[in-house]
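Observations on the three-dimensional arrangement
Here's the letter readout for the chains.
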Amino acid sequence: MDIIRATIETAEDLGYVHATAWNHAYRGIVPDEYLDKYFIPEKRAEKFRKVLPSTDNEYYIAYFDGKPMGMVVLGKSGDDDAKENAGEVSAIYLLSGYWGKGYGKKLMDFAVNRLKEFGCSTVTLWVLEENKRARTFYEKYGYVFDGTKKELNLGKPLVEMRYVYSIT
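Below is a short write-up of the structure.

Scoring rules and cut-offs
- Residues numbered from 1 in each chain as written.
- Predicted model: local features only at pLDDT ≥ 70, side-chain atom pairs only at ≥ 80, totals over all residues.
- Heavy atoms only, no water.
- Helix = DSSP H or I, 4+ residues; strand = E, 2+ residues; numbered from the N terminus.
- Rg over C-alpha atoms; globule rule 2.2 N^0.38 Å.
- Contact = heavy atoms within 4.5 Å.
- Areas by Shrake-Rupley, 256 points an atom, 1.4 Å probe, with all protein chains shown as cover.
- Lys, Arg positive; Asp, Glu negative; His and termini not counted.
- Charge placed at Lys NZ, Arg CZ, Asp CG, Glu CD.
- 1 Å grid on protein atoms, 1.4 Å probe; cavity = no way out; pocket = protein on both sides within 12 Å on 5 of 7 lines; lining within 4 Å.
- Points joined across faces, edges and corners; volume = space filled by probe spheres on them.
- Nonpolar A, V, L, I, M, F, W, Y, C, P; charged D, E, K, R; others polar.

Quick look at the overall build of the protein now. Helix and strand counts for the protein come out as 5 helices and 7 strands. Scanning the protein from its N terminus toward the C terminus, one meets helices and strands in the order β-α-α-α-β-β-β-α-β-α-β-β. Against the 2.2 N^0.38 benchmark of 15 Å for 168 residues, the protein shows a C-alpha radius of gyration of 15 Å, consistent with a compact globule. When the backbone C-alpha atoms are referred to their principal axes, the protein occupies close to 35 × 35 × 35 Å. Across the protein, contacts joining residues at least 24 apart in sequence account for 63% of those joining residues at least 6 apart. Only carbon and sulfur atoms are counted for the fraction: they give 49% of the accessible area of the protein, which is about 8900 Å². In the protein, 24 positive and 25 negative side-chain charges are present, and the distance between their average locations comes to 3 Å.

And the structure:
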């Protein structure tokens, strides 16, 4: 697995991974109408082409045998109550064919190590409460639910839970 910094030139691959992963991970949680409208590879790629040049976050794409298979977005925590040295993994996705094979851990290791380089001592992330597969992955990695929840609407009300990981 190779992990590289995403650029406008890799926006197509990023869009493909993001849309495909969302459609597999969230089908049955997020309404089909929402996924079918917004999570189309070309639409996601267009969004990334606009976001990449102007964001403070770092976007990375993972390849296996030259094919896009995962992505991660990281940076300073965007939470109002975040401590100064808190980082955030704002997105981490793998194509479903790579689930359960250790690639998610490698991608998370990369993100945590990169945030450690920024001087972060904690990492936060938000996960949909109904996304039991992802929650299990984060808990196995060492993330802990800190009791904070928020609601968002993606075609229906959904609850996100904040998980925290201490970098040691």
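As a further point, take the layout of surface pockets. Taken as a whole, the largest pocket holds about 1000 Å³ of empty space. Around the largest pocket, the lining is made up of 39 residues, and of these Ile92, Asn131, Ala134, Phe137 and Tyr138 lie nearest the centre. Only helix H1 (11-26), strand S4 (86-94), helix H4 (103-117), strand S5 (122-128), helix H5 (132-141) and strand S6 (144-153) provide two or more residues apiece to the lining of the largest pocket. Of the residues assigned to the lining of the largest pocket, the class counts are 24 nonpolar, 7 polar and 8 charged.

Keep in mind that these numbers describe shape and distance, not what the molecule does.
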